[in-house]
Amino acid sequence: RSCNTTVSHHSFSFFIATSSPVTSTNEAYAYSSCVGCTTQAVAFQVVLIFNDPAVIEPRNISQAYNVSCTDCTTNALAQQLDLSITTPITNTEIHDAETLWTQIYAYGNHLAGQSISQIQAQLQSYEEQIIALITRDSGSAPIVIQPQMS
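Brief notes about the packing of aromatic side chains
Alright, step 1. Throughout the structure, instances matching the rule amount to 4 aromatic pairs.
Alright, step 2. Judged by centre distance (5.7 Å) and plane angle (75°), the rings of F12 and F44 are edge-to-face. With F12 in strand 1 (residues 6-17) and F44 in strand 3 (residues 38-49), this residue pair connects regions lying 32 residues apart in the sequence.
Alright, step 3. Assessed through its relative accessible area of 8%, F12 is described here as buried.

Overview of the packing of helix 1 (residues 91-107) against helix 2 (residues 116-138)
Alright, step 1. Two elements in contact, helix 1 and helix 2, have axes whose closest approach is 10 Å; the angle formed by their N-to-C orientations is 175°. In terms of orientation, helix 1 lies roughly antiparallel with respect to helix 2.

Some details on the pairing of strand 5 (residues 73-84)
Residues in a regular strand point their side chains to alternate faces of the sheet.
Alright, step 1. Burial analysis of strand 5 places 10 of its 12 residues in the buried class, the great majority of the element.
Alright, step 2. Of the strand pairs in this sheet, strand 3 and strand 5 are connected by 12 bridges, and their pairing is parallel. Its bridge partner being in strand 5, Q45 is matched across the sheet by Q80.
Alright, step 3. Where strand 5 and strand 6 (residues 143-145) come together, 3 bridges link them in antiparallel fashion. Of the residues in strand 6, the one forming a bridge with S84 is I143.

Concerning helix 1
Alright, step 1. Here helix 1 contains 17 residues, and its C-alpha end-to-end distance of 24 Å stays within 8% of the 24 Å for a straight helix at 1.5 Å per residue.
Alright, step 2. All of the buried residues along helix 1 are E93, L100, W101, I104 and Y107. Taken down its axis, helix 1 places every buried residue within 110° of arc, on the same side. With respect to the buried face of helix 1, the exposed residues turned more than 90 degrees away are N91, E98 and T102.

Some remarks on the nonpolar core
Alright, step 1. Core analysis: the largest hydrophobic core is formed by 22 residues, its most contacted members being F12, V42, I104, L123 and I130.
Alright, step 2. With 7 residues, the single largest contributor to this core is helix 2.
Alright, step 3. With sequence-adjacent residues up to four places away left out, I130 is seen in contact with V46, L81, L83, L100 and I104.
Alright, step 4. A30, A43, A76 and A78 belong to the second-largest nonpolar core, a separate cluster that totals 6 residues.

Digging into helix 2
Alright, step 1. Between its first and last C-alpha, helix 2 extends 34 Å over 23 residues, near the 33 Å set by a 1.5 Å rise per residue.
Alright, step 2. When we look at burial in helix 2, the residues that qualify are I116, I119, L123, Y126, E127, I130, L133 and I134.
Alright, step 3. On its buried face, helix 2 sits against strand 1, strand 3, strand 5 and helix 1.
Alright, step 4. In the stretch just after helix 2, G139 is the one whose phi turns positive, near 75°.

Conventions we followed
- Residues numbered from 1 in each chain as written.
- Predicted model: local features only at pLDDT ≥ 70, side-chain atom pairs only at ≥ 80, totals over all residues.
- Heavy atoms only, no water.
- Phe/Tyr/Trp six-rings, centres within 6.5 Å; stacked < 30°, edge-to-face > 60°.
- Helix = DSSP H or I, 4+ residues; strand = E, 2+ residues; numbered from the N terminus.
- Buried < 20%, exposed > 50% of the residue type's maximum accessible area, 1.4 Å probe, protein only.
- Axes fitted to C-alpha atoms, helices over the stretch in contact; angles between N-to-C directions.
- Parallel < 35°, antiparallel > 145°, perpendicular 65-115°, else oblique.
- Pairing = 2+ DSSP bridges.
- Expected span 1.5 Å × (residues − 1).
- Arc of directions from axis to C-beta.
- Core = buried A, V, L, I, M, F, W, Y, C linked by side-chain atoms within 4.5 Å.
- Contact = heavy atoms within 4.5 Å.

Read these as geometric descriptors, not functional statements.
Shown next, in the form of structure tokens:
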């Protein structure tokens, strides 16, 4: 990357899984080789899992590399929300989820200048909103599946 610059990349994705195996992988890689630069990569993935699959193995991978850097900041964040849904989702919940996802996706275009801690906190807030939205009409909380981290 060029010296004294800031580069921020993001990938936000939303999946619905209905069959086994569920092996979603969420990855963020940041690389810097410069003087005085900032590089960040953020991947946020939401997976709604239906039909109680036998195998659920989500993976989260984030890696940040500094090579020959002087005064660089390089961060990578991969955050994934995997929910096993045990009750049907209403049309209202689907509509509200689409509206919320539009907000989340738009947020991804404004990450430059935010710290990884700030981004992580906002993504956590979005996760809580998604869970509340899915729980709202059915009264039944989804099962949160913890991804493998590396």
